[in-house]
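Chain residues, written in single-letter form:
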Amino acid sequence: MGNLIVFEGIDGSGKSTQFRLMCERLESENRDFRRVVFPRYDEPSSALIKMYLSGEFGKNPDDINAYASSSFYAVDRFASFIMDWQSYYQSGGLILTDRYTTSNALHQGSKMSGVDRKLFFEWLYEYEFDRIGLPRPDMVLFMKIDTSLAVSRLRSRESATGTNADIHESDLRYLTACAESGDDAAAQYGWSVIECAQGGVSRSEEEIHKQAYEMLSKHL
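Residue positions within a chain follow its written sequence, with the count starting from 1. At least 70 in pLDDT is required for a residue's local features to be given in this predicted model, at least 80 for side-chain atom pairs to be given and counted, and no such filter applies to totals for whole chains, interfaces and linings, which use all residues. The side-chain figures draw on all heavy atoms in the structure; neither hydrogens nor water molecules are used.

Asks: I would appreciate a short explanation of unusual backbone geometry in the present structure.
Replies: In terms of backbone geometry, most residues other than glycine have negative phi values and most peptide bonds are trans. A cis geometry characterises the amide bond from Phe38 onward to Pro39, with omega recorded as -10 degrees. The backbone phi angle of Asn30 is positive, close to 60 degrees, even though this residue is not glycine. Runs of E in the DSSP output that reach at least two residues are strands. Runs of H or I that reach at least four are helices, and both are numbered from the N terminus. Looking at the secondary structure, you find Asn30 in the loop between helix H1 (15-28) and strand E2 (34-37). Here the term buried applies to any residue with accessible area under 20% of the maximum for its type, exposed to any over 50%, and partly exposed to those in between, with areas from a 1.4 Å probe on protein chains only. Overall, Asn30 belongs to the exposed group, its relative accessible area being 72%. Unusually for a residue other than glycine, Arg99 sits at a positive phi of about 80 degrees.

Asks: I keep staring at the side chain of Thr102 and nothing clicks. Help me out?
Replies: Topologically, Thr102 is positioned in helix H4 (residues 101-107). Residue contacts are defined here by distance: any two heavy atoms, one from each residue, within 4.5 Å place the two residues in contact. Residues contacting Thr102, with those up to four places away along its chain left out, are Val6, Glu8, Tyr125, Val140 and Trp191.

Asks: Is there a simple way to explain empty space enclosed by the protein in this structure?
Replies: If a probe the size of a water molecule is rolled over the atoms, the empty space left behind becomes visible. Points on a 1 Å grid over protein atoms alone make up a cavity when a 1.4 Å probe fits among them but cannot get out, and a pocket when they form an open set with protein on both sides within 12 Å along at least five of seven lines; lining residues each have an atom within 4 Å of a point. Grid points are joined across faces, edges and corners, and a volume is the space filled by probe spheres set on the points. One pass over the full model with this rule turns up 1 cavity of 30 Å³ or more. When its volume is computed, the largest cavity comes out at roughly 30 Å³. Looking at the largest cavity, the residues that line it are Phe38, Pro39, Tyr73, Asp76, Arg77, Arg99, Tyr100 and Ser103. Here the element with the most residues in the lining of the largest cavity is helix H3 (residues 66-90); it accounts for 3 residues. For the lining of the largest cavity, the class distribution of residues is 4 nonpolar, 1 polar and 3 charged. Residue polarity follows a fixed list, in which Ala, Val, Leu, Ile, Met, Phe, Trp, Tyr, Cys and Pro are nonpolar, Asp, Glu, Lys and Arg are charged, and the others, Gly among them, are polar.

Asks: Can you walk me through the packing of H3 against helix H5 (residues 114-132) in this structure?
Replies: For any two helices packed against each other, one specifies the inter-axial angle together with the distance between the axes. The axes are straight lines fitted to the C-alpha atoms, using for helices just the contacting stretch, and the angles between their N-to-C directions are given from 0 to 180°. Axis separation between H3 and H5 bottoms out at 12 Å; the angle between their running directions is 30 degrees. Of the possible angle classes, the one that applies to H3 and H5 is roughly parallel. For the crossing formed where H3 meets H5, the hand is right-handed. Across the interface between the two elements, Ala66, Tyr67, Ser70, Ser71, Ala74, Arg77 and Phe78 from H3 touch Leu119, Phe120, Trp123, Tyr127, Glu128 and Ile132 from H5. The class makeup of the residues in the contact of H3 with H5 is 9 nonpolar, 2 polar and 2 charged. Roughly parallel refers to an angle under 35 degrees, roughly antiparallel to one over 145, roughly perpendicular to one between 65 and 115, and oblique to any angle outside these ranges. Two helices crossing with the near one rotated counterclockwise from the far one by less than a right angle form a left-handed crossing, whereas a clockwise rotation gives a right-handed crossing.

Asks: I keep staring at the side chain of Gln18 and nothing clicks. Help me out?
Replies: Position of Gln18 among the secondary structure elements: in helix H1. Residue Gln18 is classed as buried on the basis of its relative accessible area, which comes to 3%. When residues no more than four places from it in sequence are discounted, the contact partners of Gln18 are Phe7, Met143, Glu205, Ile208 and His209.

Asks: Sorry if this is basic, but what is going on with the nonpolar core here?
Replies: Here is a general trend for soluble globular proteins: nonpolar side chains tend to be buried in one another's company. Side-chain atoms within 4.5 Å link the members of a nonpolar core, which is a set of buried Ala, Val, Leu, Ile, Met, Phe, Trp, Tyr and Cys residues. Within the largest apolar cluster, 58 residues are counted, with the highest numbers of intra-cluster contacts made by Trp85, Leu96, Leu141 and Trp191. When residues in this core are grouped by element, the largest group, 7 residues, is from H3. With residues near it in sequence (within four places) discarded, Leu96 still touches Ile5, Phe7, Phe19, Met22, Cys23, Leu26, Arg34, Arg35 and Val36.

Asks: Before we go on, may I ask you to explain the packing of aromatic side chains in this structure?
Replies: A ring pair, where both rings are aromatic, is described by two values, the distance of the centres and the angle of the planes. In this analysis, rings of Phe, Tyr and Trp, with Trp reduced to its six-membered ring, are considered paired at centre separations within 6.5 Å, and the interplanar angle assigns stacked below 30 degrees, edge-to-face beyond 60, and tilted for intermediate values. In the structure shown here, the tally under the stated rule is 18 aromatic pairs. Aromatic pair Tyr67 and Phe120: ring centres 5.3 Å apart, planes at 85 degrees, arrangement edge-to-face. Of this pair, Tyr67 sits in helix H3 while Phe120 sits in helix H5; the two residues are 53 residues apart in sequence, bridging distant segments of the chain. Taking relative accessible area as the criterion, Tyr67 reaches 34% and is therefore assigned partly exposed. On the basis of relative accessibility, which here comes to 0%, the residue Phe120 falls in the buried class. Ring geometry for Trp85 and Tyr89: centres 6.1 Å apart, planes at 85 degrees, overall edge-to-face. Of this pair, Trp85 and Tyr89 both sit in helix H3, separated by 4 residues, roughly a single helical turn. Take Trp85 and Tyr89: they sit in the same class, and that class is buried.

Put into structure tokens, the structure is as follows:
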């Protein structure tokens, strides 16, 4: 089997930026790898995700329970694996993903706490990896950031691009819960945590990338 490396973090953590920088770095080094971004909004397998995020099932994230909404995302990942990268991965290829099963741990795990959250985490990994048959990640690079900084970044992005927040991004209470769920998941699953701020001030993209590359190098 190959190596599967996941970039994870709450909305506004800089996760996608670090994913892009890593892909550019590996391309400059002529490394053979595949990149995958979830959800795949341009594919039919994301239909239920788009309905969920646009509020068609409820205007608040908590309107849909974690187990149901997790299934929407799992279907999209399964379709991607079977149709796009299964053969490459099974032949020893390197896969980098922006989000994965781990995103359900953050976003859907935020809908509960304590023992219920722990049980959900156990169900999630068993469901997607043991039952559905998706590969387990070899490393998860978790971009840890204070919610206040993440929200500031999201609002700046919306202003610059003219885009509207989905039901996840527009709910501050929800984003805070996602950050807490991410911390719990990182501890339970043994993710590699990268602090994206020090003393309430964001670290530079270059500094974070350097740390991420040092971690990833162990799997190259």
